[in-house]
Amino acid sequence: MLDLGFVRDNLDLVAKKLATRGGQFDLEGFRALDQERRAAIAKTENLKSRRNKANDEIAALKKSGGDAATAIAEMKNVSAEIKSLDERASRLDDELREIMKTMPNLPHASVPVGASADDNKEVKRWGTPREFSFTPKPHWELGEALGILDLERARKISGARFVVYMGVGAKLERALQNFMLDLHTTRHGYTEVLPPVMVNSDSLFGTGQLPKFADDLFHIEGHDLHLIPTAEVPLTNLYAGETLDAARLPIKLTAFTPCFRSEAGAAGKDTRGITRVHQFQKVELVKFAHPEHSYDELESLTRNAEAILEVLELPYRTLALCTGDMSASSAKTYDLEVWLPGQNAYREISSCSNFEDYQARRAGIRFRAGGKGKAEFVHTLNGSGLAIGRTWLAIIENYQQEDGSVLVPSALRPYLGGLERITGAG
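Cut-offs used in this document
- Residues numbered from 1 in each chain as written.
- Predicted model: local features only at pLDDT ≥ 70, side-chain atom pairs only at ≥ 80, totals over all residues.
- Heavy atoms only, no water.
- Buried < 20%, exposed > 50% of the residue type's maximum accessible area, 1.4 Å probe, protein only.
- Helix = DSSP H or I, 4+ residues; strand = E, 2+ residues; numbered from the N terminus.
- Pairing = 2+ DSSP bridges.
- Phe/Tyr/Trp six-rings, centres within 6.5 Å; stacked < 30°, edge-to-face > 60°.
- Lys NZ or Arg CZ within 6 Å of the ring centre and 35° of its normal.
- Core = buried A, V, L, I, M, F, W, Y, C linked by side-chain atoms within 4.5 Å.
- Contact = heavy atoms within 4.5 Å.
- Salt bridge = Lys/Arg side-chain N within 4 Å of Asp/Glu carboxyl O.

K.L.:
Any chance you could explain the pairing of strand 14 (residues 379-387) here in plain terms?
P.N.:
Remark: a regular strand shows side chains that alternate across the two faces of the sheet. Burial analysis of strand 14 places 9 of its 9 residues in the buried class, which makes it a mostly covered element. For strand 8 (residues 279-289) and strand 14, the ladder comprises 7 bridges, and the chain directions are antiparallel. Bridging across to strand 14, leucine 285 finds its partner in glycine 383. Pairing of strand 11 (residues 345-354) with strand 14 involves 3 bridges; the strand directions are antiparallel. By the bridge assignment, cysteine 352 is partnered in strand 14 with glycine 383.

Structure below.
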């Protein structure tokens with residue numbers, strides 16, 4: 001959430017920046033409400049000044065034995081009008097704050113301006129896609145042939161967009177989980193957390209999923225609980241309503257969790273395989289940073305995610321998302337896209353964002369130096385480190401062999417009991 005005072009004082013600048021995001025946002029409605037509120041406050045202040053002056057005059061009249069009844073009656077009417085104006089200003093304040101809840105974040109100055117994914121800017125490319133002596137297959141064909149992926153039985157027990165991993169397929173998911181957590185905790189300095197996978201609506205509001213993305217969430221009927229769309233939600237809200245010691249910053253957390261998304265806005269997209277499913281596993285990275293250093297922390301967080309792909313020797317590219325393709329909460333985002341030879345395309349595998357104080361303001365997360373001075377809002381950041389299912393399918397497609405087997409990346413072999421090649425469910 002943006003600072004209400006900043007928006008009021010810089011409405012033209014805010015309108016200009018939000019216009020680069022595309023979409024429609026009624027800032028004229030905000031302006032009209034704010035002008036009405038300012039007028040109510042100004043009139044209230046004038047009436048209060050008039051009442052104070054009149055009270056002095058009434059006191060003087062009483063002291064001199066004069067008749068103050070008319071003045072007293074008039075001031076009762078003034079007091080009633082002041083009360084009405086105060087209530088009106090308060091209602092307008094509430095309306096403005098409701099608008100603020102839906103207002104997107106302002107893009108950072110370094111974000112490329114654009115309307116869609118076509119305007120994203122590639123900033124890095126790592127690795128060379130492998131040249132195959134045969135036509136590479138997509139992961140859904142390879143996984144089914146090897147008996148390690150069963151989409152039909154997943155559909156039978158749960159419906160479309162669910163996955164069953166079998167044998168070595170399941171072990172590969174578990175191996176990726178442990179590999180990623182080990183790398184982030186031992187090499188990158190993150191603290192591992194195991195959070196709940198059900199959260200309340202306050203937590204979802206804090207990170208920006210509510211109210212805008214309610215349709216993408218799975219709600220637990222009869223309870224103020226939702227299944228998490230990402231571990232970003234519980235990790236960020238660990239410090240909701242708290243004031244942190246500046247000396248602790250940056251705080252770096254990582255967690256493995258299942259994630260649940262209804263994908264209500266993704267009808268018809270990536271319907272084959274396991275690219276876009278309702279339940280998936282992910283290792284998440286979250287940081288709480290000092291505002292002066294948050295963009296350096298975004299670069300290092302992105303590098304931490306890239307490192308997973310590099311150790312696994314999976315070709316990828318890094319994109320700076322344009323203003324029109326970022327999430328509403330983000331001030332700047334990098335997407336990592338891994339090369340998938342079976343689909344002859346790069347596909348997103350991680351999104352790394354700096355939200356500046358947008359989430360912290362919603363969740364009430366502040367910091368103060370040495371317990372002294374004014375408390376400020378921290379900057380929050382997060383990114384996938386990585387989406388495990390998409391890493392799984394990237395390995396299956398990039399390491400496939402002509403005989404239908406799949407080589408295991410050397411970094412994962414210790415996590416699979418030394419297994420070098422996947423030849424079946426096992």
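Once the structure has been displayed, the description carries forward.
K.L.:
Could you clarify how one ought to interpret the sheet that holds strand 6 (residues 243-245) in this entry?
P.N.:
In a beta sheet, neighbouring strands are held together by backbone hydrogen bonds and run either parallel or antiparallel to one another. Ordered in space as 6-12-13, the 3 strands form an open sheet in which the pairing is mixed. Edge strands, defined here as strands with exactly one partner in the open sheet, are strand 6 and strand 13 (376-377). Across 3 bridges, the pairing between strand 6 and strand 12 (residues 366-368) is parallel. Across the sheet, residue threonine 243 finds its bridge partner in strand 12, namely arginine 366.

K.L.:
What am I meant to see in the packing of aromatic side chains here?
P.N.:
Here the distance between the centres and the angle between the planes together describe a pair of aromatic rings. Applying the stated criterion across every chain yields a total of 6 aromatic pairs. When the centroid spacing of 5.8 Å and the interplanar angle of 20° are considered together, the rings of tryptophan 126 and tyrosine 316 count as stacked. Placement of tryptophan 126 in strand 1 (residues 121-126) and of tyrosine 316 in strand 9 (residues 316-320) is noted, with a sequence separation of 190 residues between them. Where phenylalanine 132 meets phenylalanine 134, the ring centres are 5.3 Å apart and the plane angle is 80°; that geometry is what we call edge-to-face. For lysine 252, the ring lying beneath its charged end belongs to tyrosine 190, and the centroid distance is 4.9 Å.

K.L.:
I keep staring at the nonpolar core and nothing clicks. Help me out?
P.N.:
Side chains of nonpolar character tend, in soluble globular proteins, to be buried together. Counting 54 residues, the largest nonpolar core has Leu176, Leu312, Trp392 and Ile422 as the members making the most contacts within it. With 8 residues, helix 7 (residues 168-186) is the largest single contributor of residues to this core. Leave out the neighbours within four places in its chain, and isoleucine 422 touches Leu146, Ile148, Val168, Leu172, Ile396, Ser405, Val406 and Val408. Counting 18 residues, the second largest nonpolar core, distinct from the first, contains Leu249, Leu253, Val286 and Phe377.

K.L.:
Please clarify how the pattern of salt bridges should be interpreted in this entry.
P.N.:
Opposite charge on two side chains lets them pair, provided their charged atoms get close. Per the stated rule, a full pass over the model turns up 25 salt bridges. A salt bridge links arginine 88 to glutamate 36; the shortest N-O distance between them is 3.2 Å. Of this pair, arginine 88 sits in helix 4 (residues 69-102) while glutamate 36 sits in helix 3 (residues 27-64), placing them 52 residues apart in sequence. When its relative accessible area of 35% is taken as the criterion, arginine 88 is described as partly exposed. Here arginine 155 and glutamate 152 are joined by a salt bridge, their closest N and O atoms 2.8 Å apart. In this pair, arginine 155 and glutamate 152 both sit in helix 6 (residues 151-157), 3 residues apart, roughly one turn of the helix.

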